[in-house]
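# Coordinates in review
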There are 2 protein chains.
Amino acid sequence: MTSDFQELLRGAALRVTRPRVAVLGAVYANPHADTDLIIRAVREGLPKVSHQAVYDSLHTLTDAGLLRRIQPSGSVARYESRVGDNHHHVVCRSCGVVADVDCAVGEAPCLTASDDQSFSIDEAEVTYWGLCPDCSSTRSS
Amino acid sequence: MTSDFQELLRGAALRVTRPRVAVLGAVYANPHADTDLIIRAVREGLPKVSHQAVYDSLHTLTDAGLLRRIQPSGSVARYESRVGDNHHHVVCRSCGVVADVDCAVGEAPCLTASDDQSFSIDEAEVTYWGLCPDCSSTRSS
DNA sequence: CCCATTTTCTTGAATGAGTCAAGACAAGGG
DNA sequence: CCCTTGTCTTGACTCATTCAAGAAAATGGG
């Protein structure tokens, strides 16, 4: 598993460092985790890692396409390891939990704008808003 | 026009205060403006308004459905006066400018998730990402 | 029209995610 | 094994937004 992450890094022409491997591991193990949770997860294996190293790693890995950053309104940045399949997200308005929703089309942009305003569009990001099963049942009961 | 805003406020059972009227005016005049721009616009007419009053007004007006808040990843909160038509947005990856895109369906949720994960979904928010005409021509030239 | 009640606004401090910067350190090529 | 370059540590800092307490203003009843 750790060696898989090392391969991922090498494949992206990135240096293999312990913080980066640990960050990859933390995001793979905690989909949609925010930076704070990732920092805590990384420190379970590497107690001395600075928060800055985690921020740097997340940026580098996101720029390299190994991770994807999502940031629903009202939420801090979250990261996930599913990249390249242009899937979408459902966000609970009550507790903020995020779940994946497959994109029927698969490749970006999965939608074309009715009037693109002369923008050159490369991605259509879809965020579904609603209530998760837990919050939904809590409210109605 | 000011009286129109007063009617809007009364229609929403909100007290009519000068900051609120000014905030409504500023958002109607500056679609997709961020809070800082709204504060500056409001202070052209009411120089002494505190930033807190603007924040409070924006929250109240958004909660009442008179304004809509949008917050693309990497951007601060922005506000617009087009509400109720469930339109979407194109965001420029380079300069961050936001433009409206009509929704073909019109009413929320305009899309249904392929697998809703047992969430009860009430809105599908679509954000198109790309380059605006200006940034597009700057890069290619 | 004025008062009382309730909401809103002012003032000023605080929060917290994220960034900046300088020097110490480690990864990988030669 | 050493050098170069890129990464990490440390610690300060930014800035949008929120919190809190008291002053001021908006609606409804008299």
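Shown above is the structure to which this text applies.
Residues numbered from 1 in each chain as written. Chains lettered and ligands numbered in written order. Predicted model: local features only at pLDDT ≥ 70, side-chain atom pairs only at ≥ 80, totals over all residues. Heavy atoms only, no water.

Time to look at the sheet that holds strand β2 (residues 68–70) of chain B. One key point about sheets: their strands pair by backbone hydrogen bonds, in either a parallel or an antiparallel sense. All names here are of chain B. Read from one edge to the other, the open sheet built from 3 strands follows the order β1-β3-β2, with strand pairing classed as antiparallel. With one partner strand each, in any of the chains shown, β1 (33–34) and β2 form the two edges of the open sheet. Judged from the 2 bridges that link them, β1 and strand β3 (residues 78–80) form a sheet pairing that is antiparallel. If you follow Asp34 over to β3, its bridge partner there is Arg78. (Pairing = 2+ DSSP bridges. Helix = DSSP H or I, 4+ residues; strand = E, 2+ residues; numbered from the N terminus.)

Taken together, 20 residues sit near DNA strand D, with Thr17(A), Arg20(A), Ser50(A), Val16(B) and Gln52(B) positioned nearest. Across the atoms of DNA strand D situated within 4 Å of the protein, the share located in sugar and phosphate is 66%. In this structure, Tyr55(B) approaches DNA strand D through a side-chain N or O atom, which is 3.2 Å from a phosphate oxygen. Between DNA strand D and the protein, one listed contact pairs a phosphate oxygen with a side-chain N or O atom of His59(B) at 3.5 Å. With 4 residues, the single largest contributor to the surface near DNA strand D is helix α4 (residues 51–63) of chain B. In terms of residue class, the surface near DNA strand D is made up of 7 nonpolar, 9 polar and 4 charged. (Near = heavy atom within 4 Å. Polar contact = N/O pair within 3.5 Å; in protein donor to acceptor, adjacent residues only side chain to side chain. Nonpolar A, V, L, I, M, F, W, Y, C, P; charged D, E, K, R; others polar.)

Now for the protein's contact with DNA strand C. As a structural note, the neighbourhood of DNA strand C is formed by 19 residues, with Gln52(A), His59(A), Thr17(B), Arg20(B) and Ser50(B) the closest of them. Taken together, the sugar and phosphate atoms account for 67% of what DNA strand C places within 4 Å of the protein. At 3.5 Å from a phosphate oxygen of DNA strand C is found a side-chain nitrogen or oxygen belonging to His59(A). Thr17(B) places a side-chain nitrogen or oxygen 2.7 Å from a phosphate oxygen of DNA strand C. Of all the elements in the fold, those that place two or more residues in the surface near DNA strand C are α4 (51–63) of chain A together with α2 (18–29) and α4 of chain B.

On to the relation of the copies chain B and chain A. For the match of chain B to chain A, the screw axis carries a shift of 0.0 Å, the RMSD comes to 0.1 Å, and the turn is 180 degrees. Both copies of the chain, as the preceding transformation shows, are related through a two-fold rotation axis. The C-alpha atom lying nearest the rotation axis in chain B is that of Val126(B); the distance is 2.3 Å. (Least-squares fit on C-alpha atoms with pLDDT ≥ 70 in both.)

Let us look at the side chain of Thr62(A). Looking at the element boundaries, Thr62(A) is found in helix α4. Those residues in contact with Thr62(A) that lie beyond four places of it in its chain are Leu67(A), Arg69(A) and Tyr79(A). (Contact = heavy atoms within 4.5 Å.)

Another aspect to go through is empty space enclosed by the protein. Counted according to the given criterion, the structure contains 1 cavity of 30 Å³ or more. Counted as a void, the largest cavity has a volume near 250 Å³. Only β2 (68–70), β4 (88–92) and β6 (120–131) of chain A together with β2, β4 (88–92) and β6 (120–131) of chain B provide two or more residues apiece to the lining of the largest cavity. Here the lining of the largest cavity is built from residues that sort into 11 nonpolar, 8 polar and 4 charged. (1 Å grid on protein atoms, 1.4 Å probe; cavity = no way out; pocket = protein on both sides within 12 Å on 5 of 7 lines; lining within 4 Å. Points joined across faces, edges and corners; volume = space filled by probe spheres on them.)

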